[in-house]
Amino acid sequence: MPKLTPQEVQHIAELAKLALSEDEIERYASDLSAILDYAQQLQEVDTDHIHPTASVLPLRNAMRPDEARPGLEPEDALANAPASDKGYFKVHAVLEGSQ
Amino acid sequence: MFSSHLSPFTQYEVVIGLEVHAELITKSKMFCSCSADFFGAAPNTHVCPVCLAMPGALPVINKEAVAQTIRAGLALNCTIAEDVRFERKNYTYPDLPKGYQITQYELPQAVNGWLDIDTPDGVKRISITRAHLEEDTGKLVHENGASLVDYNRAGVPLLEIVSEPDMRSIDEVNEYLTRLRQILIYIGASTGDLEKGAMRMEANISLRPAGSEALGVKVEVKNLNSFRAVRNAIAYEIARQERILRAGGQVEQVTMGWLEAEGRTYVQRSKEDAHDYRYFPEPDLPPLRIERAWVAELAASLPELPHARRQRFVAQYGLSPKDADVLTAERPTADYFDALVAAVGEDMPAKKVANWVMGDLFRLVNDNGLPISDIPVTPEKFAGLLKLVAARTINANTASQVLKTMFKTGEGAQTIVQREGLAQVSDAAALETLVDRLLAEHPDEVARYRAGKVQLFGWFVGQVMRETRGKANPGVVQKLLKDRLNS
Ligand SMILES: [Zn+2]
C-alpha cells in the first residue's frame, strides 16, 4: 500500500482533535502506513462465500428491563474531572463554526 | 448546476426534507439504568460509569426504548427490520463523553414509511426514509470562555425520524411536524414537549427551477428547537438561496446553525470539513433479532391513530373535518368525546354534542387549566346534563349555567337543577297566564307591535324569560306570544 500523505495524516489528526508537529506528521505517516500494511493481510482471505457479520457471538437480543436506579454521587462523578464548576465538568470553550 | 442563463423571471421550487429527533419516554437511559427523567435536575446527578464513558463500563440495551421505536415505526407505516444493530458514530465533542455516539446506521429499526398530511390540494403522502434509535448527548453551557458540561441528558433514548425531501412549502413542513408530533404523543412514545427540548429538528433545503426534476445543492440547517424556528429558518434560507441563484451564483453545500434571536443562519461547516464519522458496528452490543411475534404484540398495543380517528369522527358522528380535527388533536379530548357520545346515546346528535364540547366545555377547561381527563365533569355527568337539555327539562342557557356549577362542585346536573329549581317551564297553562298578564301590563307596546313595530317581539320574549328567571321554554313562549299578538 502506498504511504499515507501528510494531508491524510493531518485529516486523521483533526478528526481526533490532535495537534501534530511537522516531525510528528512525518513519523505517523510511516507508523500508520505500517499498521495499514499489516492489516492489509486480511484482504488475502477469501470471503466470497462468507455472510457479512457484525458479531461472532451467539448472543442476540441482550436487553434489560426499563428500570431506573441511582447512579454516581455528583462528587464521585466529578472526582477525576480535570476541572469542574458548580457541578459541571469544565472544559475549554468549544463552539462550532463562525457565528 | 444553476447558471446565469436563468432569466430573472425563473420561478423556483423549494425542496425540503426533515430530520426529527424525539426523546423517548422511558424510565431509564438507553444503555444504563440512570433515570431518564433529567429535566430540571442539578447537573451530573443522573450519571453513572456507563453514560460517563468510564473505562470498562459496558452498555446494555433498554428493551422499552426498542419497543417504543418499533411502535413509532409501525405508526409511521414503516417496515420493521428483523436484523438491527447499533454502530459507533465517531466524533470528538465534549457533549459526547465516549468520543462516539451509539446509533443505528446500516441496519436501522424502521424503514420505508410514510405520513399523510393535509394540504390545500388534498392529502399528500410524505415518505419516511427511516426511524432509528440512538442516544442523546450531554448539554453544554458556554460561560466566561469555558464550556460547562452536564451529562444528565447523555444516553437518554432518542428516536430519529428522517423524511424524504418531499415537502414543497413551509406550510407542508409545519403540517408534517404537527402530525408527526401528534402521532408520537398519541402512542405515548414522546412527550413532544418542545419547550423542554423533547423534539429537535434539522431541515435540508434546496431550490430548483420550477419544473426541473434534478435536485439543487442542499443546505442543512441544524439546532431548530421549535416549529417557529423551523419555519423562520426555512424562510430565511429560501430567500438567501434565491438571492444567490438570481445573481447567477451557486449555493454552497454547507451545514448551518440557526440564530433564533438574530433570525439568521450561519455556516457551521463547509463540505470540505464535513464530518467523517467512521461508523463501525458497536462491538459491545450483540445485534438484535426482532421477533415477529413481538412486533405483532406491539402493533396490537397501538391506539387508534389521529388520522384514522379523524376519519371515524367524520364518518361515525357526522362531524365536519374541521371539528373532527379539533376533537382528535389530543388523545384525551378524543377519548372524552367518544365516552360522552356513548353516554348521551340517541338522545342528542353527536354533532350537537360536539358543539357543547367545543364551546362551553373547552371554555371551562381553558379557564381552569386542567387536563380534560382530570375535570370534575366526567363524560357521564356531562351526558346527564345534555340529556336534560334533550328532554327540554332545561334550556340551553340554563344548561350553560348548570355546567359551570358542575365544574365547580362536581355535582350531577339533576342535583343542581332540582336544588335551584331550574327546570324549564313548559307548562303551557302556566305560561299562558304569565303572557296574558304581561300583555295586559304593557298595552302601549302591544299597540306599537300591532301597528307594525315587529322588532318588539323579542322584547316580549325577554320579559317572559325575565319573569321566569330564564326557565321558560323559549319555543312555547314564542308560540304563545305569536298567538296572542297576532290574533
Ligand atoms: Zn448512566
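The rules behind the values
Residues numbered from 1 in each chain as written. Chains lettered and ligands numbered in written order. Predicted model: local features only at pLDDT ≥ 70, side-chain atom pairs only at ≥ 80, totals over all residues. Heavy atoms only, no water. Helix = DSSP H or I, 4+ residues; strand = E, 2+ residues; numbered from the N terminus. Buried < 20%, exposed > 50% of the residue type's maximum accessible area, 1.4 Å probe, protein only. Contact = heavy atoms within 4.5 Å. Areas by Shrake-Rupley, 256 points an atom, 1.4 Å probe, with all protein chains shown as cover. Salt bridge = Lys/Arg side-chain N within 4 Å of Asp/Glu carboxyl O. Polar contact = N/O pair within 3.5 Å; in protein donor to acceptor, adjacent residues only side chain to side chain. Nonpolar A, V, L, I, M, F, W, Y, C, P; charged D, E, K, R; others polar. Donors = N, O, S within 2.8 Å, 3.2 Å for Na, K, Ca; no water. Tetrahedral: all angles 85-135°; square planar, octahedral: opposite > 155°, others 65-115°. Expected span 1.5 Å × (residues − 1). Bend = angle between axes of the 7 residues up to and from the residue. Core = buried A, V, L, I, M, F, W, Y, C linked by side-chain atoms within 4.5 Å. Pairing = 2+ DSSP bridges.

Of regular secondary structure, chain A possesses 3 helices and 3 strands. From first element to last, N terminus to C terminus, chain A shows the α and β order α-α-β-α-β-β. Each principal axis of the C-alpha distribution contributes one length, and for chain A these read about 50 × 45 × 30 Å. Among the 99 residues that make up chain A, the fraction classed as buried is 15%. Counted over contacts in chain A with a minimum sequence separation of 6, partners at least 24 positions apart contribute 33%. Surface accessibility of chain A: about 7,900 Å² in total, with carbon and sulfur atoms responsible for 56%.

Let's shift gears to the interface of chain B and chain A. Taken together, the contact pairs 55 residues of chain B with 36 residues of chain A. Our count for the chain B to chain A interface comes out at 1 salt bridge. Glu-143 of chain B is the partner of Lys-86 of chain A in a salt bridge, and the nearest nitrogen-oxygen pair spans 2.7 Å. In this assembly, chain B and chain A are joined by 18 residue pairs in polar contact (both at pLDDT 80 or more). Of all the secondary-structure elements, those providing two or more residues to the side of chain B that touches chain A are β2 (61–62), α1 (63–75), β9 (139–143), β10 (146–150), β15 (264–270) and β17 (288–289) of chain B. Residues belonging to the side of chain B that touches chain A are distributed by class as follows: 29 nonpolar, 13 polar and 13 charged.

Before going further, it helps to examine the coordination of the zinc ion. Residue and element names in this part refer to chain B. For the zinc ion, the protein coordination sphere consists of Cys-32 (SG), Cys-34 (SG), Cys-48 (SG) and Cys-51 (SG), at 2.3 to 2.4 Å. Coordination geometry of the zinc ion: the 4 donor atoms subtend angles of 98 to 116 degrees at the metal centre, consistent with an arrangement described as tetrahedral. Counting the intervening residues between successive donors of the zinc ion yields the motif C-x1-C-x13-C-x2-C. One end of the pair, Cys-34, is in the loop between β1 (12–23) and β2; the other, Cys-51, is in the loop between β1 and β2, and 17 residues separate them in sequence. By relative accessible area, which is 1% here, Cys-34 ends up buried. Note on Cys-51: relative accessible area 7%, which makes it buried.

Moving on, we get to helix α8 (residues 350–368) of chain B. Along an α-helix, residues three or four positions apart point the same way, because every turn accommodates 3.6 residues. All names here are of chain B. The terminal C-alpha atoms of α8, which comprises 19 residues, lie 25 Å apart, in line with the 27 Å expected from a rise of 1.5 Å per residue. Remark: the principal bend of α8, roughly 40 degrees, maps to Leu-361. Residues of α8 that are buried sit in contact with α5 (306–317), α6 (321–328), α7 (331–344), α9 (379–390) and α10 (396–409). One or two positions beyond α8, positive phi appears at Gly-369, with a value near 65 degrees.

Residue and element names in this part refer to chain B. Core analysis: the largest hydrophobic core is formed by 68 residues, its most contacted members being Leu-18, Phe-86, Ile-161, Tyr-176, Leu-177, Leu-224 and Ile-290. The greatest single-element share of this core, amounting to 7 residues, is contributed by helix α3 (residues 227–246). Sequence-distant contacts of Tyr-176, that is, excluding residues within four places in its chain, are made with Leu-18, Leu-115, Ile-117, Ile-126, Ile-128, Ile-161, Ser-163 and Met-167. Membership of the second largest hydrophobic core comes to 40 residues, among which are Ala-350, Ala-354, Val-357 and Ile-372.

Okay, the sheet that holds β10 of chain B next. Pairing in this open sheet of 4 strands is antiparallel, and the strands run β2(A)-β3(A)-β10(B)-β9(B) from one edge to the other. Each edge of the open sheet carries a strand with a single partner, namely β2 (84–85) of chain A together with β9 of chain B. Of the strand pairs in this sheet, β2 of chain A and strand β3 (residues 88–92) of chain A are connected by 2 bridges, and their pairing is antiparallel. Pairing of Asp-85 of chain A across the sheet is with Tyr-88 of chain A, part of β3 of chain A.

Not every positive phi belongs to a glycine, and Lys-86 of chain A is a case in point at roughly 50 degrees. Structurally, Lys-86 of chain A can be placed in the loop between β2 and β3. Overall, the relative accessible area of 53% leaves Lys-86 of chain A in the exposed class. Non-glycine residue Asn-144 of chain B carries a positive phi angle of around 45 degrees.

A side chain of one charge can pair with a side chain of the opposite charge if their charged atoms are brought near each other. All names here are of chain B. This structure, assessed with the given rule, holds 41 salt bridges over all chains. Ionic pairing is found between Asp-325 and Arg-179, a salt bridge with its closest N-O pair at 3.3 Å. Of the two residues, Asp-325 is situated in helix α6 and Arg-179 in helix α2 (residues 170–186); the sequence distance between them amounts to 146 residues. Taking the shortest distance from any N to any O, the salt bridge between Arg-437 and Glu-441 comes out at 3.1 Å. You can see Arg-437 and its partner Glu-441 sitting in helix α12 (residues 428–441), 4 residues apart, about one turn around the helix. Assessed through its relative accessible area of 37%, Arg-437 is described here as partly exposed. Each of the salt bridges in this network shares a partner with another, and the network as a whole consists of Asp-118, Glu-175, Arg-179, Arg-310 and Asp-325.

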